[in-house]
Amino acid sequence: MAERSAPRTARERVRAQLTAEIVEVARTHLGTSGAAALSLRAVARELGMVSSAVYRYFPSRDDLLTTLIIEGYDALGEAAERAAAAVPASDLLGRWLAVFTAAREWALARPHEYALLYGSPVPGYSAPQDTTGPAGRVALLLAGILRDGLASGAITAAPGDDEAIILPGLLADLGLPEDTNLGTRVVQAWSGLFGAISFELFGHTHNVVVDHEKYFHEVATALAADAGLPSLG
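Residues take numbers from 1 onward in each chain, read along the sequence in its written order. In keeping with the model being predicted, local features are shown solely for residues with a pLDDT of at least 70 and side-chain atom pairs are shown and tallied solely at 80 or more, while totals for entire chains, interfaces and linings include all residues. Side-chain figures throughout are based on the complete set of non-hydrogen atoms in the structure, without hydrogens or water.

Okay, the overall build of the protein next. Helix and strand assignments follow DSSP, with helices taken as H or I runs no shorter than four residues and strands as E runs no shorter than two, numbered in order from the N terminus. Each helix and strand in the protein was counted, giving 12 helices and 0 strands. Going from N to C terminus, the protein has its helices and strands arranged as α-α-α-α-α-α-α-α-α-α-α-α. Exposure categories follow from relative accessible area, calculated using a 1.4 Å probe and restricted to protein chains: below 20% of the type maximum is buried, above 50% is exposed, and the middle band is partly exposed. Scored against the burial criterion, the 233 residues of the protein give a buried share of 43%. The contact criterion used throughout is that any non-hydrogen atoms of two residues lie within 4.5 Å. Expressed as a percentage of contacts within the protein between residues at least 6 apart in sequence, the contacts between residues at least 24 apart total 68%. In these tables, accessible area is a Shrake-Rupley quantity obtained with a 1.4 Å probe, and a residue counts as shielded only by the protein chains included in the view. Carbon together with sulfur atoms contributes 55% to the accessible area of the protein, which is approximately 12500 Å² in total. His residues and chain termini do not enter the charge count, which takes Lys and Arg as positive and Asp and Glu as negative. Charge positions come from single atoms, namely NZ of Lys, CZ of Arg, CG of Asp or CD of Glu. If the 18 positive side-chain charges of the protein are averaged to one point and the 27 negative ones to another, these points end up 11 Å apart.

UniProt positions are given in the numbering used here, feature names are shortened, and annotations may be inferred rather than shown by experiment. Annotation from UniProt places "DNA-binding region" (unreviewed entry) at residues 39–58. With 60% helix and 0% strand, the stretch residues 39–58 has end C-alpha atoms that lie 11 Å from each other.

Looking now at the pattern of salt bridges. The rule for a salt bridge is simple: a side-chain nitrogen of Lys or Arg has to be within 4 Å of a carboxyl oxygen of Asp or Glu. Applying the stated criterion to the full structure yields 8 salt bridges. Glu24 serves as the salt-bridge partner of Arg27, at 2.7 Å between the closest nitrogen and oxygen. Of this pair, Arg27 and Glu24 both sit in helix H1 (residues 10–32), 3 residues apart, which is roughly one turn of the helix. Exposure remark for Arg27: the relative accessible area of 16% places this residue in the buried category. For Glu24, a relative accessible area of 43% corresponds to the partly exposed category. The partner of Asp74 in a salt bridge is Arg137, with the nearest N and O atoms 2.7 Å apart. A residue pair is termed long-range when its members are at least 10 positions apart, and Asp74 in helix H4 (residues 61–85) and Arg137 in helix H8 (residues 137–152) qualify at 63 residues. By relative accessible area, which is 16% here, Arg137 ends up buried. Each of Glu24, Arg27, Glu71 and Glu113 takes part in a single network of salt bridges with overlapping partners.

We now examine the UniProt feature "domain: HTH tetR-type" (unreviewed entry) in the protein. As recorded in UniProt, the sites labelled "domain: HTH tetR-type" (unreviewed entry) are residues 16–76. Within the segment residues 16–76, helix and strand shares are 74% and 0% respectively, and the terminal C-alpha atoms sit 22 Å apart.

Below, the structure written as structure tokens:
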């Protein structure tokens, strides 16, 4: 999760503690009631607070949902970043597989939080711009691996029309050249990663795939090859 400065006064510390408690209770409600049924009143009851007190911390259900979403994306991103950092920088495929594996393991350990991020949209809720940065952390990791591969000569950037496909400005944010297909490769990998996780987590492959861990590894390896990363040899 994003690093926050430590509260300086007693009042700030109490507010930070209560905010964290509200968020934690709301997170448990995702598993029992689902995001669509999340209620500030129900959270307040569990904490022994009047609902008006909770509204001082989160003016609306949507504000609470936004906090849960941002913290979820940040936790997922941090897990993937730690996994990638544990692999030597020169091992491009190892870093790639580490990102994929960490994302899947995080999702399987926190299915209700994952469902909030990548499941059905919550009726009446529209995610604000604040969620965009945290949501892109895994994609930035994948882009960084391809960028390092390009810089080292381990992969080549084929001519392409990313400018006509990818949102203007996004390629610059990813640090990728505009006249290649590297941006498209990143989006393919990113959508393939979370598509495979979602199909497994939401039961779409349960009557098809026998060994989901092995299947996921095959997906990750195939997407790495599609992205131009060198194989294990």
